[in-house]
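# Summary of structural features
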Amino acid sequence: MENLHKIKQDMCDIGRRIYNRQFAAANDGNITVRVSENEVLCTPTLHCKGFLKPDDISLVDMTGKQLSGRKKRSSEALLHLEIYKQREDIRSVVHCHPPHATAFAIAREPIPQCILPEVEVFLGDVPITKYETPGGQSFADTIIPYVNKTNVMILANHGTVSYGETVEQAYWWTEILDAYCRMLLLAKQLGNVSFLNAEKSQELLDLKDKWGYKDPRNTEDYKDCDICANDIFRESWADTGVERRAFPAPPPIKSTGDASPSAKPAMPAGVDEAQLVKAITDEVIRQMSK
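Residues numbered from 1 in each chain as written. Predicted model: local features only at pLDDT ≥ 70, side-chain atom pairs only at ≥ 80, totals over all residues. Heavy atoms only, no water.

### Details of helix H1 (residues 4-20)
Under the convention used in this document: A run of DSSP states H or I qualifies as a helix once it reaches four residues; a run of E qualifies as a strand once it reaches two. Both are numbered from the N-terminal end. A helix is expected to span 1.5 Å for every residue after the first. Each residue is placed in one exposure class: buried if its accessible area under a 1.4 Å probe, protein chains only, is under 20% of its type's maximum, exposed if it is over 50%, and partly exposed if it falls in between. By definition, the arc is the one covered by directions from the helix axis to the C-beta atoms.
Its 17 residues give H1 an end-to-end C-alpha distance of 24 Å, which sits within 8% of 24 Å, the value for a rise of 1.5 Å per residue. What H1 keeps buried is the set Ile7, Lys8, Met11, Cys12, Ile14, Gly15 and Ile18. Buried positions in H1, seen along its axis, are confined to an arc of 165 degrees and lie on one side of it.

This is how it looks when you write it as structure tokens:
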């Protein structure tokens, strides 16, 4: 049987780390851990996550009904419960408002890929959900189109939610994402963001597969995708208001099933390669701007 008091202590520890990293102002954020098929530990509403105590944490069932606890459970518990319903492998969910990642949520700017190795290995393509007023089932339902293809999401105009096998792992994905978003913003201020090439990007995907981290780009369904172009979630952008505005699209590269990245097909006679590449790039950008 799981030691519930130890799990509550772990939740309090993550709450302090969230607060100390300024990922949650005042009473922002919430943390849950699933402890049985129908029971979930949940942080309280209107309570600063930096000063949680084990007896502040309540127990709820999978409908959101509070089973025990002296303080009322978080008002956004339904979001966590929906993730558990969709993903039986998940044992903990962390939601907060990390400022750099939330800036992308507010701008509805997609997270660029194939730039930082740690992000490719641990996160992959990060979706931005459709906006919905927080708290109800409609808000919880916004994660359904994405939840099986990622372990971290940006909630439009709101914050982030990440999930994993432990509360610490669930928190890690948020910390990695916010650090990356901060780096992107700083690099943008310097005036340049450099993308990894196809060969090096594929090496990271191969490492990810070797280490047991799932990524849709390593599956048969996405064998022909452009591994750096947000292909996993790009079709959702029109419905969620996501659009590239601050960061350019990466240079087009071929999928894992294609020939070696160094191989170059022969150009038809009379065709200027530079002009053709520019024309293709302009068309890609035009299509993405629709």
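### Observations concerning the nonpolar core
When a protein is soluble and globular, its nonpolar side chains tend to lie buried together. Heads up, the condition is: Residues enter a nonpolar core if they are buried and are Ala, Val, Leu, Ile, Met, Phe, Trp, Tyr or Cys, with the set joined through side-chain atoms within 4.5 Å. Two residues qualify as a contact provided that any one of their heavy atoms is within 4.5 Å of a heavy atom in the partner residue.
Counting 31 residues, the largest nonpolar core has Ile83, Tyr84, Val93, Ile143, Met153, Val161 and Tyr163 as its most contacted members. Those elements giving two or more residues to this core turn out to be strand E2 (39-42), helix H2 (77-86), helix H5 (137-141), strand E6 (152-155), strand E7 (159-164) and helix H7 (198-210). When residues of this core are assigned to their parent elements, the largest contribution, 6 residues, is made by H2. Not counting residues up to four positions away in its chain, the partners in contact with Val161 are Leu79, Ile83, Val93, Val94, His95, Asn151, Val152, Met153 and Leu155. Of all hydrophobic cores here, the second largest spans 21 residues; its members include Ala105, Val126, Ile128 and Ala156.

### Points about empty space enclosed by the protein
Our working rule: With a 1 Å grid spanning the protein atoms alone, the term cavity applies to any set of points in which a 1.4 Å probe fits but cannot get out, the term pocket to an open set with protein on both sides within 12 Å along at least five of seven lines, and the term lining residue to any residue with an atom within 4 Å of a point. Grid points are joined across faces, edges and corners, and a volume is the space filled by probe spheres set on the points. Here the nonpolar group is Ala, Val, Leu, Ile, Met, Phe, Trp, Tyr, Cys and Pro; Asp, Glu, Lys and Arg are the charged ones; every other residue, Gly included, is treated as polar.
Under the defined criterion, the tally for this structure stands at 2 cavities of 30 Å³ or more. Counted as a void, the largest cavity has a volume near 60 Å³. Lining the largest cavity are Pro110, Asp125, Val126, Pro127, Ile128, Asn230, Phe233, Ser236, Trp237 and Val242. Classifying every residue of the lining of the largest cavity gives 7 nonpolar, 2 polar and 1 charged. Along the walls of the second largest cavity sit Glu109, Pro110, Ile111, Pro112, Asn230, Arg244, Phe247 and Pro248, which together make up its complete lining.

### Remarks on the state of the cysteines
In plain terms, the rule: Sulfur atoms of two cysteines make up a disulfide when they are within 2.5 Å.
On inspection of all chains with the given rule, the structure shows 1 disulfide. Disulfide pairing is shown between Cys114 and Cys228; the S-S distance is 1.9 Å. As the torsion about the S-S bond is roughly -85 degrees, the Cys114-Cys228 disulfide counts as left-handed. Taken together, the positions of Cys114 in the loop between helix H3 (99-107) and helix H4 (117-122) and Cys228 in the loop between H7 and helix H8 (237-240) put the pair 114 residues apart, joining distant regions of the chain. On the accessibility criterion, Cys228 (1% relative accessible area) is buried.

Everything listed is a geometric property; what it means functionally is a separate question.
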